[in-house]
There are 2 protein chains.
Amino acid sequence: MTSAGTIEDAKGPAEQRLALRQMLGEDIVLSETEELLRFCRDWHGDVTSGTVAVIRPRSTQQVAAAVKACRELGLSIVPQGGNTGLVLGAIPDAPERQVVLSLSRMNRIRKIDPADFSAVVESGCILSELKDAIAKMGMFFPLALGAQGSCQIGGNVSTNAGGVNVLRYGMTRELVLGLEVVLPDGSILEGLSTLRKDNRGIDLKQLFIGAEGTLGIITAVSVKLTPYPDHVATALLGLASLEDAIKLYRRARRDCCDLMSAFEFMPPLAFTLAQEAMPDLPIPISAEYPAYVLMEISGSGLVDVDDLMQRFLEGVMEEGLVLDGTIAASQTQARNLWLIREGMNEGQAKRGTHMRTDISVPLSQLASFVEEAEKAVSEALPGAVSVSYGHVGDGNVHLNVLPPAGSTPEERIQLIYRAKTVVNEVLDRYTGSISAEHGIGRLKRPDFDARLPATRRKLLTALKHAVDPEMIMNPGCQLRF
Amino acid sequence: MTSAGTIEDAKGPAEQRLALRQMLGEDIVLSETEELLRFCRDWHGDVTSGTVAVIRPRSTQQVAAAVKACRELGLSIVPQGGNTGLVLGAIPDAPERQVVLSLSRMNRIRKIDPADFSAVVESGCILSELKDAIAKMGMFFPLALGAQGSCQIGGNVSTNAGGVNVLRYGMTRELVLGLEVVLPDGSILEGLSTLRKDNRGIDLKQLFIGAEGTLGIITAVSVKLTPYPDHVATALLGLASLEDAIKLYRRARRDCCDLMSAFEFMPPLAFTLAQEAMPDLPIPISAEYPAYVLMEISGSGLVDVDDLMQRFLEGVMEEGLVLDGTIAASQTQARNLWLIREGMNEGQAKRGTHMRTDISVPLSQLASFVEEAEKAVSEALPGAVSVSYGHVGDGNVHLNVLPPAGSTPEERIQLIYRAKTVVNEVLDRYTGSISAEHGIGRLKRPDFDARLPATRRKLLTALKHAVDPEMIMNPGCQLRF
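Here the structure is a predicted model, which is why all the values come from computation and not from measurement. (Residues numbered from 1 in each chain as written. Chains lettered and ligands numbered in written order. Predicted model: local features only at pLDDT ≥ 70, side-chain atom pairs only at ≥ 80, totals over all residues. Heavy atoms only, no water.)

Student: What should I look at first to understand the overall build of chain A in this one?
Tutor: Helix and strand content of chain A: 16 helices and 17 strands. Over its C-alpha trace chain A gives a radius of gyration of 23 Å, about what one expects of a compact globule, namely 23 Å for 481 residues. In terms of its C-alpha atoms, chain A occupies a principal-axis envelope of roughly 70 × 55 × 45 Å. Burial statistics for chain A: of 481 residues in total, 61% are counted as buried. At a minimum sequence separation of 6, the contacts of chain A that also span at least 24 residues come to 73%. Carbon and sulfur atoms make up 50% of the accessible area of chain A, which amounts to about 17,400 Å² in all. (Helix = DSSP H or I, 4+ residues; strand = E, 2+ residues; numbered from the N terminus. Rg over C-alpha atoms; globule rule 2.2 N^0.38 Å. Buried < 20%, exposed > 50% of the residue type's maximum accessible area, 1.4 Å probe, protein only. Contact = heavy atoms within 4.5 Å. Areas by Shrake-Rupley, 256 points an atom, 1.4 Å probe, with all protein chains shown as cover.)

Student: When you look at the sheet that holds strand β2 (residues 76–80) of chain B in this model, what are you seeing that I'm missing?
Tutor: As a general point, the strands of a sheet are linked pairwise by backbone hydrogen bonds and lie either parallel or antiparallel. Residues and elements named next belong to chain B. Strand order in the open sheet made by the three strands is β1-β3-β2, with parallel pairing throughout. Each edge of the open sheet is held by one strand with a lone partner, namely β1 (54–55) and β2. For β1 and strand β3 (residues 98–102), the ladder comprises two bridges, and the chain directions are parallel. Each residue of the ladder has a partner; that of Val54, found in β3, is Val100. (Pairing = 2+ DSSP bridges.)

Student: I'm lost on the relation of the copies chain B and chain A in this one. Help?
Tutor: The operation relating chain B to chain A is a screw motion whose rotation component is 180 degrees, with 0.0 Å of axial translation and a residual RMSD of 0.0 Å. Viewed as a symmetry operation, the transformation between the two copies matches a two-fold axis. When the interface residues of chain B are mapped onto chain A, 99% of them are again interface residues, pointing to one common binding face. (Least-squares fit on C-alpha atoms with pLDDT ≥ 70 in both.)

Student: Please clarify how the environment of B:Ser433 should be interpreted in this entry.
Tutor: Tracing the backbone through its elements, the reader meets B:Ser433 in the loop between α14 (409–429) and α15 (445–450). Overall, B:Ser433 belongs to the buried group, its relative accessible area being 0%. In this structure, the C-alpha to C-alpha distance between B:Ser433 and B:Asn396, residues 37 residues apart in sequence, is 9.2 Å. Filtering out sequence-adjacent residues up to four positions away, B:Ser433 remains in contact with A:Leu195, A:Asp198, A:Asn199, A:Arg200, B:Asp358, B:Ile359, B:Ser360 and B:Leu427. Side-chain polar atoms of B:Ser433 contact the backbone oxygen of B:Ser435, separated by 3.0 Å. (Polar contact = N/O pair within 3.5 Å; in protein donor to acceptor, adjacent residues only side chain to side chain.)

Student: Would you take a moment to explain the packing of helix α16 (residues 454–467) of chain A against helix α16 (residues 454–467) of chain B for this structure?
Tutor: Describing two packed helices takes the angle between their axes plus the distance from one axis to the other. One way to put it is that α16(A) packs onto α16(B) with a least axis distance of 9 Å and a crossing angle of 145 degrees. The interaxial crossing formed by α16(A) with α16(B) has right-handed handedness. Here A:Leu459, A:Ala462, A:Leu463, A:Ala466 and A:Val467 of α16(A) lie close against α16(B), whose contacting residues are B:Leu459, B:Ala462, B:Leu463, B:Ala466 and B:Val467. Residue composition of the contact of α16(A) with α16(B), by class: 10 nonpolar, no polar and no charged. (Axes fitted to C-alpha atoms, helices over the stretch in contact; angles between N-to-C directions. Left-handed = near helix turned anticlockwise from the far one by under 90°. Nonpolar A, V, L, I, M, F, W, Y, C, P; charged D, E, K, R; others polar.)

Student: How do you make sense of the nonpolar core when you look at a structure like this?
Tutor: The tendency in soluble globular proteins is for nonpolar side chains to be buried side by side. Formed by 196 residues in total, the largest nonpolar core has its most connected members in A:Met295, A:Phe369, B:Met295 and B:Phe369. Filtering out sequence-adjacent residues up to four positions away, A:Phe369 remains in contact with A:Ile359, A:Val361, A:Val397, A:Leu399, A:Val423, A:Val426, A:Leu427 and A:Tyr430. (Core = buried A, V, L, I, M, F, W, Y, C linked by side-chain atoms within 4.5 Å.)

Student: Would you explain the interface of chain B and chain A in this entry?
Tutor: Frequently, the measure chosen for interface size is the accessible area removed from exposure when the parts meet. With 93 residues of chain B in contact, the opposing surface of chain A contributes 92 residues. Both faces combined, the contact of chain B with chain A buries some 7,200 Å², and carbon together with sulfur accounts for 60% of it. Taken together, the links from chain B to chain A amount to 12 salt bridges. Among the salt bridges present, the one from B:Arg173 reaches A:Asp203, with a minimum N-O distance of 3.9 Å. There are 46 residue pairs in polar contact (both at pLDDT 80 or more) connecting chain B and chain A. At the level of secondary structure, the elements contributing two or more residues to the side of chain B that touches chain A comprise α7 (166–169), β8 (188–189), α8 (205–208), β10 (226–227), α9 (242–255), β13 (291–299), α11 (305–318) and α16 of chain B. Top contributing element to the side of chain B that touches chain A by residue count: α16(B), with nine residues. Among the residues forming the side of chain B that touches chain A, the class breakdown is 39 nonpolar, 31 polar and 23 charged. (Buried area = accessible area lost by both parts, 1.4 Å probe. Salt bridge = Lys/Arg side-chain N within 4 Å of Asp/Glu carboxyl O.)

Student: Mind showing me how you'd approach the side chain of B:Asn400 here?
Tutor: Along the chain, B:Asn400 falls in strand β17 (residues 396–402). There is a polar contact of 3.1 Å between the side chain of B:Asn400 and the backbone nitrogen of B:Thr357.

Student: What's the story with the pairing of β2(B) in this structure? I'm lost.
Tutor: Every regular strand shows the same layout, with side chains that alternate between the two sheet faces. Residues and elements named next belong to chain B. Most of β2 is tucked away: five of the five residues are buried. Pairing between β2 and β3: five bridges, direction parallel. Looking at β3, one finds that Pro79 is bridged to Leu101.

Student: I would appreciate a short explanation of the packing of helix α10 (residues 269–277) of chain B against helix α12 (residues 331–350) of chain B in the present structure.
Tutor: All names here are of chain B. Interhelical geometry of α10 versus α12 gives an angle of 75 degrees and a closest axis separation of 7 Å. Considering their axes alone, α10 and α12 lie roughly perpendicular with respect to each other. Of the residues in α12, those touching α10 at Ala270, Phe271, Leu273, Ala274, Glu276 and Ala277 are Ile340, Gly343, Met344, Glu346, Gly347, Gln348 and Lys350. Looking at the contact of α10 with α12, its residues break down into seven nonpolar, three polar and three charged. (Parallel < 35°, antiparallel > 145°, perpendicular 65-115°, else oblique.)

Student: Would you mind showing me how to read the sheet that holds β13(B) here?
Tutor: All names here are of chain B. Spatially, seven strands are ordered β14-β11-β13-β12-β16-β17-β15 in an open sheet, and the strand pairing comes out antiparallel. The sheet is open, and its two borders are formed by β14 (324–327) and β15 (359–360), each paired with just one other strand. Pairing of strand β11 (residues 231–239) with β14 involves four bridges; the strand directions are antiparallel. Residue pairing for β14: Leu236 is matched across the bridge by Thr326. Across the sheet, α12 touches β11, β12 (260–266), β13, β14, β16 (385–391) and β17, and the angle it forms with β16 is around 140 degrees.

So, in structure tokens, the structure goes:
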């Protein structure tokens with residue numbers, strides 16, 4: 001990453017921006033240098049880059065024209081949605097020859113069809129706006145993440161976003177029925193089918209899901225809907241250990257079947273962190289237990305989830321697997337339970353720059369991995385605080401490390417670097433993933449690259465050359481070819 | 001397709017078979033010409049081809065060695081699982097230069113891990129054997145198809161098989177966690193991870209799912225498991241129309257939520273056809289209704305599916321949406337209801353060669369499509385009988401056409417050709433799919449080819465050249481490049 005100054009220093013980029021304005025129209029290409037910068041800063045504010053230009057098309061045809069114009073000028077393209085990604089996938093790393101192509105203006109919901117259990121929407125539509133419009137028609141789009149008020153559906157698909165409902169509904173990939181993609185040669189791959197089943201050979205759309213814009217620009221998607229789950233039962237439970245939380249998950253998976261929609265684990269520190277961010281947040285359970293689970297069962301129609309939650313908890317409390325628990329008696333109480341989960345993230349941010357991870361291991365090894373990794377961190381970095389939480393059912397843990405209070409910025413950067421090395425060393429022994437749901441982007445490229453087997457690298461390279469022979473799509477993201 | 005005689009006529013192939021036996025071992029390469037033929041005949045017995053040789057490796061390394069040997073000899077490879085496919089994807093079409101590579105001997109279940117909700121299995125394992133082994137450990141692998149006693153899991157993945165449980169659990173693609181693939185250059189792409197979530201960039205395994213062996217040979221897979229559904233409620237319902245069956249599906253999807261595991265529709269003729277195949281099969285419902293639905297709700301643990309089915313049917317019968325119905329009171333009764341569904345297929349086969357389709361349209365258009373297509377068939381082909389049945393929730397209909405009794409083989413072939421043209425003409429107006437779940441293979445290649453947009457063809461061609469530059473993997477399947 002270079003500093004933002006680059007934009008003004010370079011003469012070439014300014015001329016190229018002018019050329020783009022002439023080719024695509026002044027309305028489409030941002031002019032002011034200051035305006036450009038907000039498209040070049042990442043979600044956490046850790047990195048600010050620069051860019052030749054920011055292009056903001058209003059239609060698929062304008063995206064195609066922009067791709068052709070960039071090719072002509074020898075510029076490469078960094079597609080950007082809501083810019084809420086956590087791995088620098090949508091921020092240029094070569095400001096003098098990369099443009100940002102923002103999908104924000106392509107935000108139309110083209111169709112919601114409850115009778116067909118499907119919707120068709122342009123990439124720039126903000127996730128929560130899509131979810132709300134769908135909910136108004138009695139239907140449900142299950143993708144749910146902290147950033148849903150800002151992230152865009154195209155970015156969600158491009159990064160194959162995860163979130164809290166994956167254990168029931170799968171990653172974004174499993175919610176996609178079709179894609180419209182502008183390819184690196186400027187042609188349009190049309191495929192906004194709403195067919196539930198279509199087995200006509202190799203499924204090309206799969207290539208672009210999770211590719212983070214390295215193979216093309218997703219301009220619209222068709223997605224699966226389910227009936228809106230009117231009935232939701234939410235509980236916060238105290239347990240003796242993460243190991244017990246995993247036992248409880250297995251039990252819940254069987255007892256509550258496919259009606260369980262979330263199963264998040266948190267350490268007791270979650271309450272402190274949440275209240276540091278939201279001092280008035282009620283914590284309706286004692287903070288004395290070593291592990292907590294936030295569990296949700298949901299359903300529609302004739303399914304009685306309250307009764308199911310009640311009977312489930314009676315059984316597991318009687319057996320001593322759950323030590324204490326509270327069931328939300330209202331939507332407000334349920335919302336407050338989820339605010340603990342969200343507030344703990346804000347609380348970590350308030351404690352300053354820290355190490356964030358997004359790890360997955362096989363479910364059966366989750367507890368021993370967390371124990372071993374936290375031990376390794378505390379031995380290597382005295383005074384640092386590990387915060388492990390995440391999605392039990394997916395084997396997905398965010399093991400974060402907070403530097404000791406009062407650490408200088410330089411000390412923090414050093415500590416983060418060392419913590420990452422320590423945690424990855426344990427992770428590699430578990431053959432886990434360094435990115436369970438956040439993607440690779442530019443931030444994780446070195447770690448991805450270092451672990452990439454030769455056969456896989458060769459195939460990825462062949463693929464990239466086949467689809468994007470001029471290497472203009474999001475270079476520097478995921479892999480350097 | 002050429003006739004079987006080709007094998008004996010050609011001198012080259014016999015020498016090449018000998019060379020393969022020397023290179024790979026006599027144990028691995030079948031010698032007798034007669035033995036070869038059973039690998040060259042399709043499931044329906046409609047087509048018999050020939051082959052240079054049949055290679056039957058026992059390990060991934062032997063598959064890799066076989067691929068290298070074939071490349072050296074200038075032979076191409078047709079991978080074959082249980083050979084139960086319906087579109088000639090696993091049968092050579094150039095017997096003088098293609099070998100069949102059968103995965104049947106690679107049938108080991110490497111691991112079933114209930115604590116991890118996963119299993120790892122070699123491609124040649126027969127689906128029902130895998131399901132049984134998993135069930136013994138209290139777990140469930142949801143893929144369910146008529147051919148499950150013969151088809152192999154590698155073939156299921158390679159063709160992205162569908163079946164009767166797709167509406168709840170998705171196509172095979174959604175059940176796969178990882179793949180081991182031998183690539184066209186003989187290298188091994190290792191990826192038998194059991195991670196539930198792994199978002200490290202482009203997901204290479206997706207390329208091979210549904211590719212029908214055109215990009216590589218799947219040698220082993222890791223799959224997702226769920227708890228075994230101990231409680232199953234099965235009902236056979238009589239309705240006024242297919243339109244009402246779709247209304248009922250929408251209602252059931254909301255009322256029974258994610259607990260519905262099957263929702264199949266059948267015409268009244270299903271009973272006649274089933275009894276033609278199984279004369280003793282009890283039919284526990286009057287055959288007087290225009291449409292029937294076979295519906296299944298299933299669950300494990302604390303979920304009471306019997307009560308749910310009861311309450312659901314009470315509601316919809318009171319409203320008049322369901323006119324008559326019977327709930328299976330035992331596993332045997334449930335099994336007998338499913339035998340109607342399976343028997344109607346056998347019954348069609350007994351009436352001789354007929355046209356089979358595997359169509360999908362958007363759910364909201366299913367009833368009007370079937371009405372229009374059946375009308376077109378009866379107008380164009382007087383005396384022919386349309387039989388439409390399938391998976392309502394997936395918008396997937398098998399609209400088959402039976403020639404009039406007493407038709408000669410030649411008349412049947414002509415009628416099938418004309419029926420296909422008539423049905424596809426209607427389908428194209430609905431922008432549906434000519435292959436909802438069966439794949440393309442060689443049988444549907446011309447129809448696929450004729451409907452393939454230029455952008456999609458260009459991308460598929462680039463992909464094929466990138467992964468299989470020497471074009472040795474299953475040439476003639478899906479597309480000619």
